[in-house]
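Chain by chain, the residues:
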Amino acid sequence: MSPRSETDVSVRCVDLSIARGRRGPRVVDGVSFTLARGAALAVMGPAGAGKSSLAAVLAGADTDATIVGGSALVEGIPARARGRRRRVLTYVTGWLGQGVGADLNPRLTISDIIAEPITSRDRRVNRRALAIRVAGLLDELQLPLGAAAKYPYELSAGMRQRVALARALVLEPRLLVGDDPFANLDPEVRVTVRDALQRRRRESGMSLLLVTNEEEVIRHFAAAVLVLRDGHPVGYGAGLDDVLWTPDEDTRLAP
């Protein structure tokens, strides 16, 4: 079978290594995988495995984690990119960090928080069109339209998590990177959120890279699986039932 062209690839990592700072300890070492456009990948592993560092680096998030070896292309842009290319990377990649719902700017309204990825780039944005986009996201994620004028402290943890997701989706990214994206969500709301992500995969070819140990989530998205332990890849497969493990590793994961 011929290799995928770069236009068919959302993320390609080759022997990627990440450290805390340029001279700090390695938190990810020798990770290689390819995420096809429109596909999903679940990154699994116990606490301290390096999952969050890998996700943050690929999303172009502000972090003290630094690539110190290998390479990573995200939507055709090197994850090491700086300047304008890095800004493009953060434009095409939606980032939902771990616990981000608890860290929403308390001085902004929910509407302003969701719209910020757009208003920070374009001060002359059409405000009416932007308000319609924000309202559409609120409705899609089952948040009351009245929440737009509220502040984060006025919402529940689950509602704040959905606000953070709406913010990650407002630019209609080609790739969504989510670190424990279903935290604090009730079962009924989880279905709504999963449906919203699946709809984007189906309609626009959005890819998913999710940090999660939840079997239900992985099976729902038919996600490929990458398992990390102490920063090293110890398992990889097209799904939970196809994971190939290195023979000398304990394969049990933290819940």
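Structure: see above.
Residues numbered from 1 in each chain as written. Predicted model: local features only at pLDDT ≥ 70, side-chain atom pairs only at ≥ 80, totals over all residues. Heavy atoms only, no water.

A.B. asks: How would you explain the overall build of the protein chain if you had to name every residue and give the values?
C.D. replies: Along the protein chain, the regular secondary structure elements total 7 helices and 11 strands. Relative to the globule expectation of 18 Å for 255 residues, the C-alpha radius of gyration of the protein chain, 18 Å, shows essentially globular dimensions. If one aligns the C-alpha atoms of the protein chain with their principal axes, the spans along those axes are about 55 × 40 × 40 Å. The long-range fraction of contacts in the protein chain, counting pairs at least 24 apart against all pairs at least 6 apart in sequence, stands at 66%. Of the roughly 12800 Å² that the protein chain leaves accessible, carbon and sulfur atoms contribute 49%. The centroid of the 35 positive side-chain charges in the protein chain is displaced by 8 Å from the centroid of its 30 negative side-chain charges. (Helix = DSSP H or I, 4+ residues; strand = E, 2+ residues; numbered from the N terminus. Rg over C-alpha atoms; globule rule 2.2 N^0.38 Å. Contact = heavy atoms within 4.5 Å. Areas by Shrake-Rupley, 256 points an atom, 1.4 Å probe, with all protein chains shown as cover. Lys, Arg positive; Asp, Glu negative; His and termini not counted. Charge placed at Lys NZ, Arg CZ, Asp CG, Glu CD.)

A.B. asks: So what's going on with the layout of surface pockets? Which residues, and what values?
C.D. replies: Each pocket or cavity is described by its volume, and for the largest pocket that value is around 730 Å³. If you go around the largest pocket, you meet 32 residues; those closest to its centre are Ala 61, Asp 62, Thr 90, Trp 95 and Arg 167. Of all elements in the fold, only helix 1 (51-59), helix 2 (83-92), strand 6 (93-96), helix 3 (110-119) and helix 5 (157-169) reach the threshold of two or more residues within the lining of the largest pocket. Gly 45, Ala 47, Lys 51, Gln 98 and Val 211 are, among the 20 residues lining the second largest pocket, the residues nearest its centre. The leading source of residues in the lining of the second largest pocket is helix 1, at 3 residues. (1 Å grid on protein atoms, 1.4 Å probe; cavity = no way out; pocket = protein on both sides within 12 Å on 5 of 7 lines; lining within 4 Å. Points joined across faces, edges and corners; volume = space filled by probe spheres on them.)

A.B. asks: Before we move on, could you go through the sheet that holds strand 1 (residues 9-20) and cite the residues and values that matter?
C.D. replies: Taken in spatial order, the 4 strands line up as 2-1-4-5 in an open sheet, and their pairing is antiparallel. Strands at the two margins of the open sheet, each flanked by one partner only, are strand 2 (26-36) and strand 5 (77-78). In the packing of helix 1 onto the sheet, the strands contacted are strand 1, strand 2 and strand 4 (65-74), and the crossing angle to strand 1 comes to about 120°. (Pairing = 2+ DSSP bridges. Axes fitted to C-alpha atoms, helices over the stretch in contact; angles between N-to-C directions.)

A.B. asks: Break down the packing of aromatic side chains for me, citing the residues and quoting the values.
C.D. replies: As enumerated under the stated definition, the model contains 2 aromatic pairs in all. Summarising the aromatic geometry, the rings of Tyr 151 and Tyr 153 are spaced 6.4 Å apart at their centres and angled 15° between planes, so their arrangement reads as stacked. On the basis of relative accessibility, which here comes to 29%, the residue Tyr 151 falls in the partly exposed class. For Tyr 153, a relative accessible area of 65% puts it in the exposed group. Seen in terms of ring centroids, Phe 182 and Phe 221 are 6.3 Å apart; in terms of plane orientation they differ by 25°. Their pairing is stacked. With Phe 182 in the loop between strand 7 (175-179) and helix 6 (187-204) and Phe 221 in the loop between helix 7 (215-220) and strand 9 (224-229), the pair connects residues that are 39 residues apart, well separated along the chain. (Phe/Tyr/Trp six-rings, centres within 6.5 Å; stacked < 30°, edge-to-face > 60°. Buried < 20%, exposed > 50% of the residue type's maximum accessible area, 1.4 Å probe, protein only.)

A.B. asks: Mind laying out unusual backbone geometry, listing which residues take part and the relevant values?
C.D. replies: For Glu 75, which is not glycine, the phi torsion reads 50° and is therefore positive. Residue classification places Glu 75 among the buried residues on the basis of a relative accessible area of 8%. A positive phi angle, close to 60°, is found at Gln 142, a residue other than glycine.

A.B. asks: Outline the pairing of strand 10 (residues 232-237), supporting the account with residue identities and numerical values.
C.D. replies: Two strands pair when backbone bridges link them, and strand 9 and strand 10 are joined in this way by 5 bridges, in the antiparallel orientation. Within the sheet, the bridge partner assigned to Val 225 lies in strand 10 and is Gly 237. Counting the residues between successive antiparallel strands, the hairpin from strand 9 to strand 10 contains 2 residues, one of them, Asp 230, with a positive phi of roughly 55°.

A.B. asks: Hey, could you go over the environment of Leu 141 for me, with residue numbers and the actual values?
C.D. replies: By secondary structure assignment, the location of Leu 141 is in the loop between helix 4 (127-140) and helix 5. For the pair Leu 141 and Ala 238, spaced 97 residues apart in sequence, the C-alpha to C-alpha distance is 29 Å. Sequence-distant contacts of Leu 141, defined by excluding residues within four places in its chain, comprise Arg 162, Leu 165, Ala 166, Thr 192, Val 193 and Ala 196.

A.B. asks: Give me the lowdown on the nonpolar core, citing residues and values where you can.
C.D. replies: In terms of nonpolar packing, the biggest core is built from 47 residues, with Ile 114, Val 163, Leu 165, Leu 176, Leu 197, Leu 208 and Phe 221 touching the most fellow members. Among the secondary structure elements, those contributing two or more residues to this core are strand 3 (40-44), helix 3, helix 4, helix 5, helix 6, strand 8 (207-211), helix 7 and strand 9. In this view, Leu 165 contacts Leu 96, Leu 141, Leu 176, Val 193 and Leu 197; residues no more than four positions away in its chain are not counted. By size, the runner-up hydrophobic cluster in this structure holds 32 residues, among which are Ala 49, Leu 58, Ala 65 and Leu 89. (Core = buried A, V, L, I, M, F, W, Y, C linked by side-chain atoms within 4.5 Å.)

A.B. asks: Which residues make up the packing of helix 3 against helix 4, and what values go with them?
C.D. replies: The description of two helices packed together rests on the angle between their axes and the distance between the axes. At their nearest, the axes of helix 3 and helix 4 sit 10 Å apart, and the two run at 120° to each other. Taken as axis vectors, helix 3 and helix 4 run oblique relative to one another. As for how helix 3 packs across helix 4, the hand of that crossing is right-handed. Residues Ile 110, Ser 111, Ile 114, Ala 115, Ile 118 and Thr 119 of helix 3 form the contact with helix 4, whose own contacting residues are Arg 127, Leu 130, Arg 133, Val 134, Leu 137 and Leu 138. The residue inventory of the contact of helix 3 with helix 4, partitioned by class, reads 8 nonpolar, 2 polar and 2 charged. (Parallel < 35°, antiparallel > 145°, perpendicular 65-115°, else oblique. Left-handed = near helix turned anticlockwise from the far one by under 90°. Nonpolar A, V, L, I, M, F, W, Y, C, P; charged D, E, K, R; others polar.)

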